[in-house]
Amino acid sequence: MTSFKSFKFVFIFCLITQLSAQKQTITQASVLKLTGQCNDHSNDKKFDLIEDVAIAFAKMKQAAADDGIQIKIISSSRSFERQLVIWNTKYSQNKKDSLNPTDNINKIIEYSTIPGTSRHHWGTELDLIDAEPMVEGDVLLAHLFEDQGPYALFKKWMDINSNSFGFYLVYTNDIDRKGFKYEPWHYSYAPLSKPFLKEYLKINLDSLFKDKKILGKEYFTEEFIKNYLKDYILDISPKLK
Ligand SMILES: [Zn+2]
């Protein structure tokens, strides 16, 4: 009986040690959540966003409307599966166009992320435009937001006001920035996405990709992943780090 009790004690002690060790790294639940593989947080989400983000966005949308700008969401949260479809569709198309694997991957990551690495998995990101001007075709093109473009007034309003609601551009037009191209439509809710990024960096991308059906992943060398992290995941607005 005594030995059973001490065995039980050792077992519980080991369990507690293991759990606290995991906390210093990252929990499996966090990995699933930050890589878009977890759909069980629908309760704390509105419009596919985390509730705090949805509330902040609603306030910003109202303030913009008061100034005559109608903000429209083009894209918010995206699952791993959705990003996988985007990636594999582009990869297959580029392959048909005779691009070699390296050029293929480099072309996709001009604008699209590898599944599991999109900030859109986090519930803190929004692609936004102005709902009023009629624009045919692709609305997420940088030139539409500049100078005399149809979304120039929206962009001007966001430049002045978005930060006060917690929203910041991620992929700025800073000439020294590498990685994903300038996206004047992609905003991030900094109070949550900053700690999420810190947590995200604890994820081992190599093991994340291992059992996934990502086309071209055999070309994700150690060197490629290292540079992808440095130049793509981390070369973002300094306000979000
Ligand atoms: Zn985006």
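Quick summary incoming for the structure in this document. All figures in this text were calculated on a predicted structure; none of them were measured in a lab.

Next up on the list: the overall build of the protein chain. If you tally the helices and strands in the protein chain, you get nine helices and six strands. For the protein chain, the residues scored as buried account for 28% of the 241 residues in total. Counting contacts in the protein chain only where the partners sit at least 6 residues apart, residues at least 24 apart contribute 73% of the total.

Let us look at the sheet that holds strand S3 (residues 71–75). Ordered in space as S3-S4-S6-S5, the four strands form an open sheet in which the pairing is antiparallel. Of all strands in the sheet, those with a lone pairing partner are S3 and strand S5 (167–169), marking the two edges. Ignoring which end each strand starts from, the neighbouring axes of this sheet average 45 degrees apart. In the sheet, S5 pairs with strand S6 (residues 186–189) via three bridges, with the strands oriented antiparallel.

The element strand S4 (residues 125–130) is extensively covered by neighbouring structure, given that five of its six residues are classed as buried. The pairing of S3 with S4 spans four bridges and is classified as antiparallel. The partner of Ser75 across the bridge, within S4, is Asp127. As defined by bridge partners, S4 adjoins S6 across three bridges and the pair is classed as antiparallel. Bridge pairing links Leu126 to Tyr187 in S6.

We now examine helix H6 (residues 152–161). Listed as buried for H6 are Phe154, Lys155 and Met158. End-on view of H6: buried residues confined to an arc of 95 degrees, all on one side of the axis. Counted as exposed and oriented over 90 degrees from the buried face of H6: Lys156, Asp159 and Ile160. Along its buried surface, H6 packs onto S4.

One can describe the packing of helix H4 (residues 80–96) onto helix H5 (residues 101–108) by two numbers: an axis separation of 10 Å at closest approach and a directional angle of 135 degrees. Our classification of the angle between H4 and H5 gives oblique. Crossing geometry of H4 relative to H5 is assigned as right-handed. Along the contact surface, H4 presents Trp87, Lys90, Tyr91, Asn94 and Lys95, while H5 presents Asn104, Lys107 and Ile108. Of the residues that constitute the contact of H4 with H5, the class distribution is three nonpolar, two polar and three charged.

Calculation notes
Residues numbered from 1 in each chain as written. Predicted model: local features only at pLDDT ≥ 70, side-chain atom pairs only at ≥ 80, totals over all residues. Helix = DSSP H or I, 4+ residues; strand = E, 2+ residues; numbered from the N terminus. Buried ≥ 20, exposed ≤ 12 C-beta atoms within 10 Å, placed from the backbone. Contact = placed C-beta atoms within 7 Å. Pairing = 2+ DSSP bridges. Axes fitted to C-alpha atoms, helices over the stretch in contact; angles between N-to-C directions. Arc of directions from axis to C-beta. Parallel < 35°, antiparallel > 145°, perpendicular 65-115°, else oblique. Left-handed = near helix turned anticlockwise from the far one by under 90°. Nonpolar A, V, L, I, M, F, W, Y, C, P; charged D, E, K, R; others polar.

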